[in-house]
Amino acid sequence: MKALIKRYIGLGTGLLCLALTSAAQPRVVTGLNKDWKFFLGDTASAKNPGFSVAAWKSLDLPHDWSIEGAFSEQHPATHNGGSLPTGIGWYRKNFTVPAASRGKRVYINFDGVQSNSEVWINGHYLGKRPNGYTSFRYELTPYLEFGSEKNTLSVKVDNSAQPASRWYTGSGIYRKVWLLTTNPVAFDQWGVFVTTPKVSSASATVRVKSSILNAAKKAGSVSIRTTIYDASGKKVATKTAAGIALKDSLQISYNELIVRNPRLWSVKDPYLYRVTTQVLKGSTVLDEESTALGIRSFHFDATKGFFLNGAPLKILGVCNHHDLGALGAAFNTRAAERQLEILKAMGTNAIRTAHNPPAPELLDLCDRMGFLVMDEAFDMWRKRKNKQDYHQHFSEWSRRDLADMVRRDRNHPSVFMWSIGNEIREQFDSTGITITRELADIVRSEDSTRPVTSALTENFPEKNFIYQSGALDVLGFNYKLEAYGDLPTRFPGQKFLATETSSALATRGHYDMPSDSNRLWPPDSKSPFTGNTDLTVSAYDHVYAYWGSSHEDGWKAVKKYPHMAGIFVWAGFDFLGEPVPYPWPARSSYYGVVDLAGFPKDAYYMYQSEWTGKPMLHLFPHWNWEEGKLVDVWAYYNGADEVELFLNGRSLGSKKKRGDSLHVQWRVPFEPGTLMAVSRLKAKTVLTKEIKTAGQPARIELIADRKTIKADGEDLSFVTVRVLDAEGNLVLHAGNLVKFTIRGAGELAGVDNGLQTSMESFKAPQRKAYNGLCLAIIRSTGSSGQVVLQATSEGLKPATITITSK
């Protein structure tokens, strides 16, 4: 198989050269992410090539300058924006383009810049893009120097107008940048669109729409050759459309191919084919695109929910914001993959990109790992949620931003629906009718193969003007689970999805009793602060915001009704910003099923018990309490019909889940020792779990999620730091300060402990443990070798771990 030609050439001098070995080479895609110069502040002269940047900071992209700053109540983004700095920053990059590229077209592609970016090449202004989440490109050709002369790229990023978001956005060129060189006749940007209009187990029709850009503006004709390969590289279909006349600057061509006995893409078997599409002039390949293909079919049913490849499938999803914890908004493929691995183990099969287009690599991961994706465009339209948010740009930019999102993402088999908005305020007035129709029309003009939805809060049809537009294919509802049973009566013939549920709150490893007293924090929209003085939230799944519910109640409501196609839990991971129910100094969310460092909270195991078929047993809380205190002991389990609890060898009785209950509970007077749970199926032991009373902290344990990483300067190993007693038990209340030293072919990329109120820097070489745990993130450098991480803490036996970078 002839793959898409990509070449990445980075020179240590800070110059990057585009190497073209032949004039006939169809295209070169070059990563432009190494050796940039950065200045935090505003200097208008920085757009001029002659302006000296020698004193500026050297760095690689992706980059988020906000995550490098200190937390402060004074930052204008507020605690809802993560209490981190924003501002204005400038980036500069020099590169050369070989003389052989004369007569070709050269573009620069940005995957995402946060936000209000402006770009210059050699002092020539290319344009502005306000939206921080959209991908975009500019053509550089008219302004380039060729040969040995350097070219200067200048980027201004203005994220100073705050507050601009309801969550942490990050600041800077936080996704990747690419240079693309093509022949004058080539595919347009995102110009190859692959669909599967007919799918069965016997055969699949693959339709390829090609948009050919004729920048030469000369008449003539070309051919389009499409070839499909299976995952092993075997050719399974090919077809050529010949004699395509290049009459205009943009020409559309279609090819249809048949794949016999296709292996269908699914969440359990995400099988991918590869489609190679070529523009040919005679036998010369002028351009080539390579596209992942997942052959699948799906549909929604008004009474039975969602079907994938003809079989019913409950959508088991989470909403995720884009930040990656200690790494901030700077996208890293391995960090995103780790999040998805953790969610996959919970039983998750779907992701909602709340509330914006994701990094393109995230969709690549979802294609390969088997996640459905609800791809979302906007958190607001013309009516604002924050004073400085995207509502200011919506009228001018929304059409282009939405069309670009759909065109960029429409080839991903993971993407199964488009969302045009989240909790949009225009649903409450008649302007919602017009805008909804306009946005839905934009989506369908670019892709008519997937349904359009919007995440709504108003579930009475006479009050919801977005619904009244008639433009939505699926009605997504946030919260208000008590109405789920009535939705088919209120909205006859419609299809339904719980686009956001729960808003349950928790601090990992913290427990308030009694556990059967539900707490609304905040209790309503007008009440003063409610909660614990130490800004913690109990992890028993009995605390939630007034608009939400517990995790258990949210899932039970969706599980009960077949017409509810599925669920998207708010949220999969804790994220920076929006620290409901607390004000400053809380600076990150409590909503996640997994904390900011990637450590699961207890509710994670409730979903695992319901969403997976593998036998599991989770027992909590910890077993370090005051003598005689009544402690609520919970267990989540599956693959068994009962659980028996033992304390120091004495049986405290067996429990079974009754009715729609999702856990079992005992109220136990504390005494030190061993708490043990045994799950049984038909009187035979399935699993056993023990929790022991821990002694004083004695030593550190290091556990790496991966002991071997790539020596590419990007790959990561996430090292869990555990504080143990002399017997090897995790000390759940340990808060020891752990210091890190690293040597060899790696560097410390970030540290965290999951605590929502920690004011420690994510970039410091140390971190306090929280409830016995913290995290060190190791990033490879560009060379192979051993990476040695040592963790020390006063009074504790240190630990060392070795990771291989190759």
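Thresholds, definitions, all that
Residues numbered from 1 in each chain as written. Predicted model: local features only at pLDDT ≥ 70, side-chain atom pairs only at ≥ 80, totals over all residues. Heavy atoms only, no water. Helix = DSSP H or I, 4+ residues; strand = E, 2+ residues; numbered from the N terminus. Rg over C-alpha atoms; globule rule 2.2 N^0.38 Å. Contact = heavy atoms within 4.5 Å. Areas by Shrake-Rupley, 256 points an atom, 1.4 Å probe, with all protein chains shown as cover. Disulfide = S-S within 2.5 Å. Buried < 20%, exposed > 50% of the residue type's maximum accessible area, 1.4 Å probe, protein only. Core = buried A, V, L, I, M, F, W, Y, C linked by side-chain atoms within 4.5 Å. Expected span 1.5 Å × (residues − 1). Polar contact = N/O pair within 3.5 Å; in protein donor to acceptor, adjacent residues only side chain to side chain. Pairing = 2+ DSSP bridges. Axes fitted to C-alpha atoms, helices over the stretch in contact; angles between N-to-C directions.

Here the focus is the overall build of the chain. When you go through the chain residue by residue, the secondary structure sums to 8 helices and 46 strands. Whereas a compact globule of 806 residues would reach a radius of gyration of roughly 28 Å, the chain reaches 27 Å, a difference of no more than 12%. A principal-axis box enclosing the C-alpha atoms of the chain has dimensions of 90 × 65 × 55 Å. Long-range contacts, defined here as pairs at least 24 residues apart, represent 70% of the contacts in the chain between residues at least 6 apart. With the model as given, the accessible surface of the chain reaches about 30,000 Å², and the carbon-plus-sulfur share is 49%.

Time to look at the state of the cysteines. Under the criterion given, the structure shown has 0 disulfides. Between Cys-319, a cysteine without a disulfide, and Cys-366, which holds the nearest cysteine sulfur, the sulfur-to-sulfur distance is 13 Å. Residue Cys-319 is classed as buried on the basis of its relative accessible area, which comes to 1%.

Before going further, it helps to spend a moment on the nonpolar core. In terms of nonpolar packing, the biggest core is built from 148 residues, with Ile-315, Leu-402, Phe-416 and Trp-623 touching the most fellow members. With residues near it in sequence (within four places) discarded, Leu-402 still touches Ala-377, Phe-378, Ile-420, Leu-439, Ile-442 and Val-443. Counting residues in each nonpolar core, the second largest holds 27 residues, with Trp-65, Tyr-138, Leu-144 and Val-177 among its members.

Relative to the 20 Å expected for 14 residues at 1.5 Å per residue, helix H1 (residues 333-346) spans 20 Å between its end C-alpha atoms, a close match to the ideal helical length. All of the buried residues along H1 are Arg-334, Ala-335, Ala-336, Arg-338, Gln-339, Leu-340, Ile-342, Leu-343 and Met-346. Where the residues of H1 are buried, they touch strand E21 (315-320), strand E22 (350-353), helix H2 (360-369), helix H8 (603-611), strand E40 (716-724) and strand E44 (773-780). Between a side-chain oxygen at the N-terminus of H1 and the backbone nitrogen of Arg-334 the separation is 3.0 Å; the capping residue is Asn-332.

On to the sheet that holds strand E2 (residues 36-40). Strand order in the open sheet formed by 6 strands is E3-E2-E4-E9-E6-E7, and the pairing between neighbours is antiparallel. One side of each edge strand has no neighbouring strand; the edge strands of this open sheet are strand E3 (57-59) and strand E7 (124-129). When the angles between neighbouring strand axes are averaged without regard to direction, this sheet yields 25 degrees. Relative to strand E4 (residues 87-96), E2 runs antiparallel, the two being bridged by 4 bridges. Bridge pairing links Leu-40 to Gly-89 in E4.

Given 3.6 residues per turn, any residue in an α-helix points the same way as the ones three and four places further on. With 12 of 16 residues buried, helix H3 (residues 394-409) lies mostly within the body of the structure. If you check which residues of H3 are buried, you get Phe-394, Trp-397, Ser-398, Asp-401, Leu-402, Ala-403, Asp-404, Met-405, Val-406, Arg-407, Arg-408 and Asp-409. The secondary structure elements touched by the buried residues of H3 are E7, strand E11 (185-199), H2, strand E23 (372-376), strand E24 (415-422) and helix H4 (431-446).

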